[in-house]
Every structure is written in C-alpha cells, then in structure tokens.
Amino acid sequence: MGAIQTSRADDLALARRAAQGDRGAQRAVFAAHKLGVHHTLYRILGANREIEDLIQDAFLEIFRALGSFRGDSSLHRWCQTIATRVAYLAIARRRPVAIELSAIEDSHASGEDGHRLVEVRAVARRLYAALDRIDANHRIAFALVVIDGRSPSEVAQLTDSTTVGVRTRVFRARRALMKRVATDPVLTAYIAELEGAG
Amino acid sequence: MTQQPLGPPPIDPMSDVSWARVEREVWSRLDTEASGAIRRVSPPRRTGVYLGAAVAAAATVAIIVAATRSSESSESRETAREDEIARVVTAASPSMVAFGDIELTAAEDTAVVFDRDPKKPSAMVEHGAAWFEVAPRNGRARFVVRAGDATVEVIGTRFRVARAGEHVEVEVDRGVVGVTYHGTVVQLVAHDHWSSDPVAIAPPPPSPPSPPSPPTPPTPPTPIVVAPKPQRPTTEADRARFEQLSALEVHDPATAITGYLELASHTSSWSELALFAAGRLAFDRGDPRAAKLLDTYVSRFPDGANATDARHLLARLKSHP
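J.: Summarise the overall build of chain A; cite the residues concerned and give the values.
T.: A tally of regular secondary structure across chain A gives nine helices and zero strands. Taken from the N to the C terminus, the helices and strands of chain A come in the order α-α-α-α-α-α-α-α-α. Residues classed as buried in chain A amount to 51% of the 198 residues present. A separation of at least 24 residues holds for 69% of the contacts in chain A among residues at least 6 apart in sequence. Counting every atom, chain A has about 9,000 Å² of accessible surface; 49% of that belongs to carbon and sulfur.

J.: Give me the packing of helix α6 (residues 136-147) of chain A against helix α8 (residues 163-180) of chain A: which residues, what numbers.
T.: Residue and element names in this part refer to chain A. α8 packs onto α6 with a crossing angle of 100° between their chain directions and a minimal axis gap of 8 Å. Judged by the inter-axis angle, α6 sits roughly perpendicular to α8. Packed against α6, whose contacting residues are Asn-137, His-138, Ala-141, Phe-142, Val-145 and Val-146, the element α8 presents Val-166, Arg-169, Val-170, Arg-172, Ala-173, Arg-174 and Leu-177 at the interface. The class makeup of the residues in the contact of α6 with α8 is eight nonpolar, two polar and three charged.

J.: Account for the packing of helix α1 (residues 8-19) of chain A against helix α2 (residues 23-45) of chain A, naming residues and giving values.
T.: All names here are of chain A. The geometry of α1 relative to α2 is characterised by a closest axis approach of 7 Å and an angle of 125° between their N-to-C directions. One finds that α1 runs oblique with respect to α2. Handedness of the crossing formed by α1 with α2: left-handed. Residues Leu-14, Arg-17 and Ala-18 of α1 form the contact with α2, whose own contacting residues are Ala-25, Gln-26, Ala-28 and Val-29. Residues that form the contact of α1 with α2 fall into these classes: five nonpolar, one polar and one charged.

J.: A description of the layout of surface pockets should follow, citing residues and the corresponding values.
T.: Of the voids in this model, the second largest pocket is the one considered here, and its volume is about 400 Å³. Taken together, 26 residues form the lining of the second largest pocket, with Ala20(B), Arg21(B), Glu23(B), Arg24(B) and Met124(B) sitting closest to its centre. Of all the secondary structure elements, the ones that give two or more residues to the lining of the second largest pocket are α2 of chain A together with α1 (16-35), β3 (85-89), β6 (111-115), β7 (122-134), β8 (143-147) and β9 (150-154) of chain B. With ten residues, the single largest contributor to the lining of the second largest pocket is α1(B).

J.: Hey, could you go over the packing of aromatic side chains for me, with residue numbers and the actual values?
T.: This structure, assessed with the given rule, holds eleven aromatic pairs over all chains. Among the aromatic residues, those joined into a ring-pair cluster are Phe30(A), Phe59(A), Phe63(A), Trp19(B) and Trp27(B). Over the face of the ring belonging to Trp131(B) we find Arg158(B), whose NZ or CZ atom lies 4.4 Å from the ring centre.

J.: Lay out the confidence of the model for chain B in plain terms, naming residues and giving numbers.
T.: Residue and element names in this part refer to chain B. For chain B, the mean per-residue pLDDT works out to 69, and 69% of the residues sit at or above 70. Contacts for the low-pLDDT stretch residues 37-83, under 50 throughout, to residues beyond four places or in other chains number 141 contacts. Ignoring residues within four places in sequence, the model shows residues 199-207, a span with pLDDT below 50, making 20 contacts including any to other chains. Overall fold confidence (pTM) sits at 0.46, and the ipTM for the predicted complex is 0.85.

Criteria and thresholds
- In this convention, every chain numbers its residues from 1, walking through the sequence in written order.
- Both sets of labels track the order of writing: A upward for chains, 1 upward for ligands.
- Selection of residues for local features in this predicted model requires a pLDDT of at least 70, selection of side-chain atom pairs for listing and counting requires 80 or more, and totals for whole chains, interfaces and linings are taken over all residues.
- Working from all heavy atoms in the structure, the side-chain values ignore hydrogens and water.
- Segments assigned H or I by DSSP are reported as helices when at least four residues long, segments assigned E as strands when at least two residues long, and all are numbered from the N terminus.
- Any residue under 20% of the maximum accessible area for its type is buried, any over 50% is exposed, and the rest in between are partly exposed; the area is computed with a 1.4 Å probe on protein chains only.
- Contacts are assigned to residue pairs with any non-hydrogen atoms lying within 4.5 Å of each other.
- All accessible-area figures derive from a Shrake-Rupley calculation using a 1.4 Å probe, and residue coverage is judged against the displayed protein chains alone.
- Orientation is described by lines fitted to C-alpha atoms, with helices fitted over the stretch in contact, and by angles between N-to-C directions that extend from 0 to 180 degrees.
- Should an angle fall under 35 degrees it is taken as roughly parallel, and over 145 as roughly antiparallel, whereas 65 to 115 is taken as roughly perpendicular and any remaining angle as oblique.
- Residues are grouped as follows: nonpolar covers Ala, Val, Leu, Ile, Met, Phe, Trp, Tyr, Cys and Pro; charged covers Asp, Glu, Lys and Arg; every other residue, Gly included, is treated as polar.
- Here a crossing is called left-handed whenever its near helix is offset anticlockwise from the far helix by less than a right angle, and right-handed whenever the offset is clockwise.
- Of the grid points, spaced at 1 Å and generated over the protein atoms alone, those admitting a 1.4 Å probe that cannot get out make up cavities, while open sets with protein on both sides within 12 Å along at least five of seven lines make up pockets; any residue with an atom within 4 Å of a point is treated as lining.
- Grid points are joined across faces, edges and corners, and a volume is the space filled by probe spheres set on the points.
- Paired rings are identified among Phe, Tyr and Trp, the last through its six-membered ring, by centres lying within 6.5 Å, and are further divided according to the angle between planes into stacked (under 30 degrees), edge-to-face (over 60) and tilted (the rest).
- Sitting over a ring, as applied to charges here, requires NZ of Lys or CZ of Arg to be within 6 Å of the ring centre and within 35 degrees of the ring normal.
- The predictor rates its confidence in each residue with pLDDT, a number between 0 and 100.

Shown next as structure tokens:
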C-alpha cells in the first residue's frame, strides 16, 4: 500500500472542493485513498464479510469531516486515521468475527507458493480469532505495528496516542495473545515471526 | 509449519464490482444527506407487466456473471444473497435480457452491470443506453438504476437511461420514476425526458415494441420537481406509510385511498404527496371523490410538487365529467 504523494496544498485544495460537494473532487479522494482505507480496515479486522460496509462508513465519515481538514497532516494519513476509528467502532459495536480464511477458494493455491498461502491463511485466521478476544485498542496497536509493520509513532498519530502508549498497547496485546495461543505452537511461532519482521 | 517465513497475512483485494458497489452506495448516501430528502417517488399511474424471455435476441450480448466477494467464507455463503451480479455488454446490435421480472433492452455499444439482490435490485449503466421494463414491485424493493451521478428509482414502469461519460439522460415511456441528481429529486412521468445537462448524448434508439397496457388518462409532459420543502417536517414513519400505501394501490386501491387520506391529515411533507396520490388514484378509478380531492390539493398546495399534475387532471374531469 503506497502512500499517495501529494503536497499539503494540493490535499487542502482537494479537500475543500470535496467538502463543498464537488463530486469530481470527491471521486478523486475516493480513488486516491480507497486502497489505503481498505488496507487499514483489513489489517485491523482481518477478513470479514462486513468490509464493504465498513469502507462505506469510512468514506462517509471522511466526506462528512473533510470540511475540518486543515492540512496538518497529509490527506492520506488523515483518511487512515478515520479508517482506524471506524475499525475501532466496528470492534466495539459488534466484534466482527474473522471468517474462515482457509475456506476461501484460491485459484493460485497450487505448488509451493500455494501451500504457503494456504498455511498463512490458516494461521492468520487463528490469529485474528485470538485478536477478537482482546481489548480493541490493544488489538489495533498490535495489528498495525506487528502485523502491518508500521512504526509506533505513525500508529500513535492514527490512534491519537503517544509512541510510548502504542508500545505499551502492543506489549499488552502480545501478553494477552500469548496466554491465549499457548497451546498453539504454530501460531506462537507465527507471532514471533511477525514481531521479528516488524 | 514450513521453515520459510510465512510473512504477513495476505490482504484479499476487492473486485471491481465490489468497489463499484461501495462507491455508488457512498454517492447515493451523500446525495441523500445533501438533499435532506427522503425518497419521494410517487407510485406509478400505470405499469407495464412484461415477463420477457430469459434471453432473447442475444446475438451480440455478453453476460458475465461476476464472482461473489472473494473474501466470503463458507459460513457467510450460507447467509449470502442468492442473487448474482451480471454485466451485460453489447457490441454492434441491441440485445434484450430478462432478469426475473425486470427486462433490459440494451442499445448497441452499451455496458450495464445488473445486481439481482432481491433486497435492493439495481443496475448501473457504465456507458451507452438501455430501456428497462420493470414489473410493479407490489411491496418488493424498488428497482434502482444508476448512471454517473444520477439515480433513477422506480416502482414499476418502462424507461430508458443513457449515459455518455458524466452526461445522463432519462426518458420515461410509462409509469413514474424519480431521478436523484446532485441532491435534487425530479419526478418524471410518461413521455418526460430528463438530462443531467443541456448537452444531448445521442438520439435515443428506436423504442422496442412495448406490451399493451390498460388504457389510462394521459399524463402531463412537464417534469415535476419535488425538491424538499424544509418548512414541513418529514417523518420516517410517514414515509414508510406512504410506501406501504403505494404498494397497496394495485391490489387494494380503496384501502390505499383511505390510507392516503389519513396520511394527508398529518403535518409532514408526506401529507401533500398523500393528498395528491389519493386524488390521482380516485381519478384513475373513476371515483367521484377525485374532483374534490384534487381541488382540495390545488387549494392547499397551489405551488405544490404535483400542482400542475392535479390541475391537468381536474381539467380533464371538467372536460369529460
């Protein structure tokens, strides 16, 4: 997921036009940030059948709030912040259940790469099932830092927190996760792998 | 577990169809918020019921049934819609396709995505032009056609939607449709033509043969703008009641008239529409109350959304009592 490279002035001008109801500007915002919003929601929540509805919610919130965008951060980062809030609300509201990733048909699941893909889907399903049972803030910090590989400072901006606060949440998420997955050596190893990569 | 690192969990991309669905829902909801209006489409005065063949004259038509969401599990499939999403594409000649009781006649060089979701059946005109023959919904979800920024909502009718880039045109053969465009709601009746801007797209293709419909009084040619009137509150309950009564019109018009009259006594913006609907339905049925109801409507709402329509019907009653 590459960040959209635009200047703050461009972002601000686009946001103002979109906030005034300019459909062309709104389409431009949607096109530029839809993948980033999808990526953030997916990383925090895992595969879930509500993802389309959540993307809709995120963009509605984005368009409703665009009038308050002041260009203090990039529009990309600002959209990510709203997506993170939408994910938080989704967790708090209904805790979407991570779906059976292993049940997804995968036309490329053949050969060595295919076996690896099946394996990672299976372990990811168990990981998100375990994440469903921990505190929402801890989950978000863990998902974005450990799974997605973002820096604690970036996640602090997205979650309106501090770097120390994010590190603490990741630590607590890990501790809670490890208690839950102690009997699952594959998942334990996978978490360790993700932490090492991050 | 293999010795090789697995890497982060994959992120399943969304299909173009899913993105299109998300995008149009976002625009639709933004338009609704911008207008502050709840759907205000009047029920059809006459409807054409035509159950077409499953596929006819499809020499050059390509129908692509898109895959359902790739991220759905076996569990979600159990509760998933039974519908399919199809993309109808024509080349050098027009083609006709029926999806249940909704018939689509696509002109040449046209692409239409058709979503058969029974809860919200819809079509999206990507480019080109198409006639839609929609059987009366009778309480089922309304059929919605989207083309660019325009949204056409119908209960039962026959109409054409054409799109070239962001330019959209709607032409109604019979029945009533509501067009939402940039927050403005326009109601079209038979023989009305609406364009998103003064630039014409292209001459409409010759209308395919239409099934016979019962004789009904002619409708006025002028589009009726039903922009929201903030001075009167709009209530969700009244809107729901109005839609219930719309659905009743076909099977139980007497009860529908009674219900409309009761709704007309309310203070919401739906009371105006309900009073006109009662008068119109009475007119259609030859009910002697029609003149009184329409006259009352014109008196109470001389500049109302349906005032022109009401005066037209009154004139007809006076010329042919």
